[in-house]
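# Survey of secondary and tertiary structure
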Amino acid sequence: MVLEEEEEKKSSRAKAKPSKYVVKGTVSHEKIYQTDIKKQTLNPIWNQTFILEFEDLSSTTFHLEMWDKDEEVSLTQKLEEIKTNLNSLRRMIKEAKKEKGTDDFLGNIVLRLQDLHCTEDNWYNLEPRTETYPNRGKCHLFLQFIHKARDGTLSAGRSAYTNYCGILQQFVQAYISKQQSSAPWKGALCGEAQTLLELYATQNDLSPFLQDLAKWVAYSKLYQSLEVDSSVLFHQLTSIEYHWHQQELPYQQKQELGDSLHGFLQYGLCLVSKYRDIFPPTPSATPKLHTLLRILVQICKTQAFQKLNPANFELHNEVHDAIVTGTEEWFTIKKGLHQPMTKDLTEIGSALARLIAEVQEDIKHNKDVWNRVFVSAVQVDVFTVVYQKFDSLLAQEVKATLSIMEDQMELNLSKSLFPVYLSLQAIHKDKAFLQKRGLLQLTNFHEGFRDALPYWLNQAFSTTLDRVVKAVQVDQLQPLQVGAVPIKHSSSAVDLVACIQPICHLWDQLSWPDPEEAFMLMVKLTEDVCKIVVNYCHLLKERVRVLSENSDHSIAINMLCVVVNDLEYLRSVLTRLPSQLNWEGLRIRTQSVIGQSQFENTLHSQLQQAKSILCKEIRSALDTLGKQLNTDIETHVRSMSTRRRIPSKSTEDAAAPLMRYLEQELQYMNENLVQENFNSLLTPLWQNSVKILYQVTNQHSQQEGLMVFCQRLLYTLQCLEQCFHADGNGLPQKALHSDEYKNLKAHLTHHSLTSHQLIEKFFKRKISEQRDYQGEKYGAVTLLTSYRKSDQRLHIEVLNAVSLLPMDSNGLSDPFVRLCLEPNHVFPEIEPRCTQYKSCDLNPLFDEAFDFLVSLDQCQTPGACLVVTVLDHDTLRPDDFEGEAFLALEDVPGVSKQEGEEVDSQMDSAPEQIRLPLMHPKPNEDSILKLLESRRGEREAQAFVKKRRQREKQSQEAAQQ
């Protein structure tokens, strides 16, 4: 690089065409400056500064030439290059043409000084020597013009460094005074001031080290009066550390640097001791504290501080001592602010509570906010330091205050001490976050509050009881409505739970450390809760009585439902009480001093007794509700049987009032009672309803029109069953179908049937007995049966009889068989048929056939059967009864379609042989006959009963022979 004075004409020629001239030998060697050599790079970085002097600005140009340094290379290296790259051969030929050791020209830059500004910072293109390779790259230059002559009269007798410091301070103060923003100053100056400082430093040859030292001294002092961005101080400290080994400072500047670093450290430690006030726990202030601590750490790490302050300075210990001192000062100030105005004990307790609350908040901030700052910056656990200091200060203060209150405890004084206890407890729990555990003076702080504990418990109990009384007094015993969701219990139940909650919360608040005393405390709290529950039951019963006096019947029932739900809700609350109070945790804590049996017998027995009272009250309310419903049901049922004559109303119309009433009441109870209580109410109510129906049926057993009446009761029973089942929401079918219900239903079903239906049922029962009959005690009859659909003819062949009983005195019988189609109302035109009798034969062979003209529908009628009667023929006396058998016509081939059989009215089934054992009727045991016998006004029923009674009589006579 060189400055050269040329003629104007030369300059004009240079503009017309890129210069190929390389400055060499035109100026003296002293005016040529050369940079360092950067090897093996196409993007070199120098960062070197040169000062070039000139006289005439108009005729001077700046020349910069860039060369590639040529170094000798061994023959072996060249051969290796040839092997790897053919282009290397071309380069070797080119190098052989030039002289040995000649550098390669890369390009140059020629600038006229009069075309430049005071400061230039640009990229300039490197111009080639020829046009063969026009693109030669770019070079970044920073050019500055400095005037050599200056007026030094104002700074006579002072060093350039001192003047530089004064100028810097003036510029900084002027810039900050004009700055309108409230943001911290970031070390920036206006362009003119920055330029003047750089020019002054360059003119006086002030090294960068001295410039940075001056800035550090100025900025560190400014930090103590104004808000300065931390990056400014960090930058200067980094620069000082960088230059410390590069340049030796004069003795005076060394002293100045040492004093500045030490003074800033002392100032920073003073700020640290007052960190609570200067750096509050806000998102904007805590980063500033962190920055200050980092600056202190950075100062102690610098080589300059370690050399200039050889004394043993340990920043960790200094910060620790500053925190302790500041904490003690802060506590003293707060204690003075909260000093009670009078000597009243209550006021003294309140003042102590306020002081401890302040300490508690400060500990929280140290744990949650400041501790992260101190640990990350200087590895000081500020929470542990502060906590241990407050532990000793608070222990002394609490002990001194409580000693004044000895033997003077009363209710108001105990109230003022409760916040003190809670705050001390919260502070003591924070010991879990201590990094270093040791003996703390507040470990047994609870011992000073033993005298106040009974007052706290009694106050909680009396306050809760008063709230419960007020809650019941305003309760209207109606279900609550919260939004669109109905609540089944009333307001007093909700209020009661809310009132009990503070008692349970008191247990959590106290967290009494002593296990044995904690157990006794739990016994007292459980006893208080149980007392409140029992009192609530009495208050609720009285409230029901007051509200029921002027209310109608349905409202009274609804109130009873709400009372049941209130008590049930309260029982569920008591059930959750052991979990809510964490009895299991207490049992584990006290297992070394309280036995398992004592724990169970004391706490659980108290709770169980209260729950038993609740259950008793619930049952009492349900019984009252059930009695009222039973009375209403009985009234409705008996209203249907008050007249001797059956009203002309239909069965549905007669039962409608009862059904409407039950559906309304049961639906209300189903929607408002919990399922368990609803079921417990339904079970006795259902049982009593069945009893009422049974009683009414028995009382009117001889009433005229009993069948219609029983039909009505049967319909009523079915409706009741449907109501009580409630589509699966009520009683299950198994609970409904008790033995009493089954008997009543069967009884009503029998009484509700017509005579024809009863006769059909009688023969269906006989057919069933025939099918189940085992053995041939009275003999048997063999038949061949079939039904011809083509001509609707029932064909019966009596083949033989076997093992008949002797009915004559000679030990034999004269048997014959009588065939009859029953029931008679189904086959009114069919006459009975008889075989010929066989003399003196107990195993007669008849082999006789009979045809009955009957339709298929008649044969398929329920209970349709062929009654086969075997009789002993007597000439002078009535024929003796040998036995009877019942053949269901549906079992005759051709009557009923078998599974998988195609129906064809033109095809006849093949006859089938069947053997029927003979049976004897049991006298006076058939309920159907008794029911038919009671219907004296029905001639057909009486005729059927007479016929069957005669058959029973014949059976008895045969048994006597």
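See the structure printed just above.
Tallying each qualifying case throughout the model produces 28 salt bridges. Between Glu328 and Lys389 there is a salt bridge, with the nearest N and O atoms lying 3.5 Å from each other. Of the two residues, Glu328 is situated in helix α12 (residues 315–337) and Lys389 in helix α14 (residues 382–404); the sequence distance between them amounts to 61 residues. We classify Glu328 as partly exposed; its relative accessible area is 38%. Note that Glu776 is salt-bridged to Arg915, the shortest N-O span being 2.8 Å. One end of the pair, Glu776, is in the loop between α28 (755–772) and β8 (780–788); the other, Arg915, is in strand β15 (residues 912–917), with 139 residues separating them in the sequence. On the basis of relative accessibility, which here comes to 45%, the residue Arg915 falls in the partly exposed class. One salt-bridge network, held together by shared partners, links Arg788, Asp791, Arg793 and Asp851.

Attention now moves to empty space enclosed by the protein. Throughout the structure, instances matching the rule amount to four cavities of 30 Å³ or more. Reported here for the largest cavity is a volume of approximately 120 Å³. Taken together, Phe763, Arg818, Leu819, Cys820, Glu822, Val867, Thr869, Phe944, Lys947, Arg948 and Arg951 make up the lining of the largest cavity. Elements that contribute at least two residues to the lining of the largest cavity include exactly β10 (815–822), β13 (865–872) and α31 (939–960).

A separate point is the packing of helix α18 (residues 515–548) against helix α21 (residues 583–590). α21 packs onto α18 with a crossing angle of 150° between their chain directions and a minimal axis gap of 9 Å. Crossing handedness for the pair α18 and α21: left-handed. Residues Pro515, Ala518, Phe519, Met522 and Thr526 of α18 lie in contact with α21, whose contacting residues are Trp583, Leu586, Arg589 and Thr590.

The next subject is the packing of helix α8 (residues 251–273) against α12. In contact at an axis separation of 8 Å, α8 and α12 are set at 40° when each is read in the N-to-C sense. Taken together, α8 and α12 sit at an angle that is classed as oblique. Two packed elements cross with a definite hand, and for α8 against α12 that hand is right-handed. The residues of α12 that touch α8, namely those facing Leu269, Val272 and Ser273, are Leu315, Glu318, Val319, Ala322, Ile323 and Gly326. Here the contact of α8 with α12 is built from residues that sort into six nonpolar, two polar and one charged.

About the cut-offs
Residues numbered from 1 in each chain as written. Predicted model: local features only at pLDDT ≥ 70, side-chain atom pairs only at ≥ 80, totals over all residues. Heavy atoms only, no water. Salt bridge = Lys/Arg side-chain N within 4 Å of Asp/Glu carboxyl O. Helix = DSSP H or I, 4+ residues; strand = E, 2+ residues; numbered from the N terminus. Buried < 20%, exposed > 50% of the residue type's maximum accessible area, 1.4 Å probe, protein only. 1 Å grid on protein atoms, 1.4 Å probe; cavity = no way out; pocket = protein on both sides within 12 Å on 5 of 7 lines; lining within 4 Å. Points joined across faces, edges and corners; volume = space filled by probe spheres on them. Axes fitted to C-alpha atoms, helices over the stretch in contact; angles between N-to-C directions. Left-handed = near helix turned anticlockwise from the far one by under 90°. Contact = heavy atoms within 4.5 Å. Parallel < 35°, antiparallel > 145°, perpendicular 65-115°, else oblique. Nonpolar A, V, L, I, M, F, W, Y, C, P; charged D, E, K, R; others polar.

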